[in-house]
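# Breakdown of the fold
Here is how the chains run, residue by residue.
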Amino acid sequence: MNISVELTFSPLQDDFEKHIINFIKKLRGCGLVILENPLSTQVYGPYDEVMKVLNAEIKTAFELMDRGLLFMKIVKSDRSDYEPHF
């Protein structure tokens with residue numbers, strides 16, 4: 001089963017940029033399809049692989065900061081090839 005996950009990572013501290021950059025760079029190296037835009041990062045692939053990567057990388061990111069939050073949306077399908085028709 002393939003999934004699409006949209007992540008919005010928001011460290012709640014003054015040095016937030018370095019935490020976001022580090023999180024995205026680690027996701028880029030995971031071997032899954034990663035798409036980015038200014039407001040979120042999308043991860044696409046098989047459920048077990050995506051969740052394994054996210055579990056590890058979210059835990060690491062939270063351990064490296066004092067306060068923060070992460071919004072996550074999961075869709076049961078691979079939407080990586082979606083193109084708007086408007």
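What comes next concerns the included structure. All chains use their own residue numbering, which begins from 1 and follows the written sequence. Selection of residues for local features in this predicted model requires a pLDDT of at least 70, selection of side-chain atom pairs for listing and counting requires 80 or more, and totals for whole chains, interfaces and linings are taken over all residues. Hydrogens and waters are ignored; side-chain quantities use all the structure's heavy atoms.

Turning to the pairing of strand S1 (residues 2–11), a few remarks are in order. A pair of strands is considered paired only if DSSP assigns at least 2 bridges between the two. The way it works is that DSSP assigns letters per residue, a run of H or I at least four long becomes a helix, a run of E at least two long becomes a strand, and they are numbered from the N terminus. Across six bridges, the pairing between S1 and strand S3 (residues 41–46) is antiparallel. Considered in S3, the bridge of Ser4 is made with Tyr44. Of the pairings in the sheet, the one linking S1 to strand S4 (residues 68–75) comprises eight bridges and is antiparallel in character. Pairing of Pro11 across the sheet is with Gly68, part of S4.

The geometry of an aromatic ring pair is captured by two quantities: the separation of the ring centres and the angle between the planes. Pairs were defined over the aromatic rings of Phe, Tyr and Trp, the Trp ring being its six-membered one, requiring ring centres within 6.5 Å. Orientation was assigned from the angle between planes: stacked under 30 degrees, edge-to-face over 60, tilted for the rest. Inspection of every chain in the model, using the stated rule, returns two aromatic pairs. Between the aromatic rings of Phe9 and Phe23, the centroid separation amounts to 4.7 Å while the plane-to-plane angle is 35°, which identifies the pairing as tilted. A residue pair is termed long-range when its members are at least 10 positions apart, and Phe9 in strand S1 and Phe23 in helix H1 (residues 16–28) qualify at 14 residues. Considered together, Phe9 and Phe23 belong to a single accessibility category, that of buried residues. Aromatic ring contacts, followed pair by pair, group Phe9, Phe23 and Phe62 into a single cluster. Each residue's exposure class comes from its accessible area (1.4 Å probe, protein chains only) as a fraction of the maximum for that residue type: buried when under 20%, exposed when over 50%, partly exposed otherwise.

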